[in-house]
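Structure at a glance
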Amino acid sequence: MATLHTARVLGAAVITIGVATAALTGCSTSGASTASASGDYTLWDPYPDRDAQSTWAKAIDACATDLGITIKRNAGNTGDTVKDLTTAAGNLPDIAMVDNPKVSTLADAGLLTTTDDNGFDVSNIEENILSAGEIDGKVYGVPVGANTLGLYYNPTVLEAAGVDIASVTDYASLTAALEKVVAAGKKGITFSAVGTEEGSFQFLPWFWGAGADLTALDSGEAESALQLWTDWVSTGLAPNSVISNTQGTSWDEFLTGEYGFAENGSWFKSAADEAGYKSIQIPGIDGGVAPAPTGGEFITIPVQKDTSRYETSAKIVECLSSGDTGATSLGYIAPTPDGQAAQLAADPSLEFWIGAVGDAKPRTADNLGISYGVISEQLYTAVQNALSGTSSPADALAEAQVTATEKLTK
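The model shown is predicted, which means the values in this text are computed figures rather than measured ones.

1. Regarding the overall build of the protein
- When you go through the protein residue by residue, the secondary structure sums to 18 helices and 12 strands.
- Classification of the 410 residues of the protein by burial places 57% in the buried group.

Right under this line is the structure:
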């Protein structure tokens, strides 16, 4: 069983480990000569905030130079990338990056090649990260890297309240710590329970940590997890604002310095470091580590009429996913042991988040595939209904299970 790790946090948007070197020196394309690659290739990604001078854009340029090709990049937001792919029949890009739960949706629509089709070798990629792109034994995409969730804490607030972070090992001891913090005049914990995928994403560690399964939303284990959150809100250990909080607004609350704890993602390293915040992995209901969901995009190779393009497309994917080049430029933990080792050598404080990603699991685990989207919608709806007092946790989850079953059996 994994143990709780304490460390400073990793920020997915701000890590710059080795980027100046890795992004500008190109990358290895093992087993293939770059001489055969030529021409223009298109890449769609969901990072409109990363301009031509960003480390990510420079990493793409370095791969293009290394391969002797031109890569034309089109950046849009995640939702638009998925929508554009599903409406671009006959004009699909060579490379497309999408949020990992959406890989199954695009694969089901027949838009993506498998590694059998495109010849990409995924044997060196960590299985728990890769499996988000695996359906019925076929792999449809490659992770550029991964991020995940942790439990941040404010050492100053905890010290004033007499809370030893080492005592926080399970749900009960965390609740006891929150009670001490509130009794000392501060606020307990903030998180995102908004009625979107963000709400499901943040609830999953507590759901899985209680032993619940996404195929049985109405289980006793699921009820225990939702009762925990509901009790925190009803007793004032968590604010009512969690019902509408995004992960960003929840983080803003934590930055006020009034809270003892916040559940949030590895992408807040810079702000956390500046504020002196630290983190532990989210505990399970009876101890150990609760598996948090993996976040991050997959690099996919859409179907092309000219299948000879796949060879070079696979080289582009390899360049961006091997080592730590792509992951580091985006602020993710690399998907391969070698890439993680390179990141750790450059920044030893990443040990915590490398461990957290290693303990994480994809949202589409257990071969849920496209079913995950339906289940997630019912899960975050149940969370909303319970936290708002519209339904009890048991009734909210029972309704969620009935609705999910109806939708999935149509």
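2. Thoughts on the pattern of salt bridges
- A full pass over the atoms with the stated rule returns seven salt bridges.
- Between arginine 309 and aspartate 94 there is a salt bridge whose closest N-O contact spans 2.7 Å. In this pair, arginine 309 sits in the loop between β12 (297-300) and α13 (310-321) while aspartate 94 sits in the loop between α3 (78-86) and β4 (95-99), placing the two residues 215 residues apart along the sequence.
- Of the charged contacts, one joins arginine 363 and glutamate 197 as a salt bridge, the two residues approaching to 3.1 Å between their closest N and O atoms. Of this pair, arginine 363 sits in the loop between α16 (351-359) and α17 (371-387) while glutamate 197 sits in helix α9 (residues 197-209), and the two are 166 residues apart along the sequence.
- Exposure remark for arginine 363: the relative accessible area of 4% places this residue in the buried category.
- A relative accessible area of 26% means that glutamate 197 is categorised as partly exposed.
- Residues participating in the shared-partner salt-bridge network are Asp99, Glu197 and Arg363.

3. Quick notes on the sheet that holds strand β2 (residues 40-45)
- The strand order across the open sheet formed by five strands is β3-β2-β4-β12-β7, and the pairing between neighbours is mixed. Edge strands, defined here as strands with exactly one partner in the open sheet, are β3 (70-75) and β7 (142-143).
- Strand direction decides the pairing type here: β4 and β12, joined by four bridges, are antiparallel. The residue bridging alanine 96 from the neighbouring strand is threonine 300, located in β12.

4. Quick look at unusual backbone geometry
- A positive phi angle is found at aspartate 136, which is not glycine, with a value near 50°.
- If you trace the backbone, aspartate 136 turns up in the loop between β5 (134-135) and β6 (138-139).
- We classify aspartate 136 as exposed; its relative accessible area is 62%.

5. Considerations on the environment of tyrosine 140
- By the element assignment, tyrosine 140 lies in the loop between β6 and β7.
- Residues tyrosine 140 and leucine 106, spaced 34 residues apart in sequence, show a C-alpha to C-alpha distance of 9.1 Å.
- The contact partners of tyrosine 140, leaving out residues within four places of it in the chain, are Val103, Ala107, Leu112, Thr113, Thr114, Gly133, Ile135 and Thr300.

6. Topic: helix α11 (residues 247-254)
- All of the buried residues along α11 are Gln247, Ser250, Trp251, Glu253 and Phe254. Buried positions in α11, seen along its axis, are confined to an arc of 155° and lie on one side of it.

7. Let's talk about the packing of helix α10 (residues 220-234) against helix α18 (residues 393-408)
- Between α10 and α18, the least distance of the axes is 9 Å, while the angle of their chain directions is 130°. Judged by the inter-axis angle, α10 sits oblique to α18. When you trace α10 past α18, the crossing you get is right-handed. Residues Ala222, Glu223, Leu226, Gln227 and Thr230 of α10 pack against Pro393, Ala394 and Leu397 of α18.

8. Regarding the nonpolar core
- Among the nonpolar cores identified, the biggest contains 54 residues, and Phe203, Trp206, Phe207, Leu214, Trp229, Trp232 and Phe261 are the most heavily contacted of them.
- Elements represented by at least two residues in this core include exactly β8 (149-153), α7 (155-161), α8 (171-183), α9, α10, α17 and α18.
- Beyond its immediate chain neighbours, meaning those up to four positions away, phenylalanine 207 contacts Ala212, Asp213, Leu214, Leu217, Ala222, Ala225 and Leu379.
- Counting residues in hydrophobic clusters, the runner-up holds 31 residues, among them Ile95, Leu130, Val139 and Ile316.

9. Description of the pairing of strand β10 (residues 259-265)
- Of all seven residues making up β10, seven are buried, and the element is well covered by its neighbours.
- Two strands pair when backbone bridges link them, and β8 and β10 are joined in this way by five bridges, in the antiparallel orientation. What sits directly across from leucine 149, in β10, is glycine 265.
- In terms of strand pairing, strand β9 (residues 187-190) meets β10 through three bridges, oriented parallel.

10. Some thoughts on the side chain of glutamate 253
- Secondary-structure assignment places glutamate 253 in helix α11.
- Of the buried charged residues, glutamate 253 lacks a salt bridge, with lysine 187 as the closest side chain of opposite charge at 7.0 Å.
- With near-sequence residues (within four places) excluded, glutamate 253 lies in contact with Thr190, Pro239, Ser241, Asn245 and Tyr259.

11. A word on the environment of serine 54
- Mapped onto the fold, serine 54 is located in the loop between β2 and α2 (55-67).
- Residue class for serine 54 comes out buried when judged on its relative accessible area of 12%.
- Separated by 3.2 Å, the side chain of serine 54 and the backbone nitrogen of alanine 57 make a polar contact.

12. Examining the confidence of the model for the protein
- For the protein, per-residue confidence averages 88 on the pLDDT scale, and residues scoring 70 or more make up 90% of the total.
- Confidence over residues 1-36 falls short of pLDDT 50; this stretch has 109 contacts with residues more than four positions distant or in other chains.

Definitions and limits used
Residues numbered from 1 in each chain as written. Predicted model: local features only at pLDDT ≥ 70, side-chain atom pairs only at ≥ 80, totals over all residues. Heavy atoms only, no water. Helix = DSSP H or I, 4+ residues; strand = E, 2+ residues; numbered from the N terminus. Buried < 20%, exposed > 50% of the residue type's maximum accessible area, 1.4 Å probe, protein only. Salt bridge = Lys/Arg side-chain N within 4 Å of Asp/Glu carboxyl O. Pairing = 2+ DSSP bridges. Contact = heavy atoms within 4.5 Å. Arc of directions from axis to C-beta. Axes fitted to C-alpha atoms, helices over the stretch in contact; angles between N-to-C directions. Parallel < 35°, antiparallel > 145°, perpendicular 65-115°, else oblique. Left-handed = near helix turned anticlockwise from the far one by under 90°. Core = buried A, V, L, I, M, F, W, Y, C linked by side-chain atoms within 4.5 Å. Lys, Arg positive; Asp, Glu negative; His and termini not counted. Polar contact = N/O pair within 3.5 Å; in protein donor to acceptor, adjacent residues only side chain to side chain. pLDDT = per-residue confidence, 0-100.

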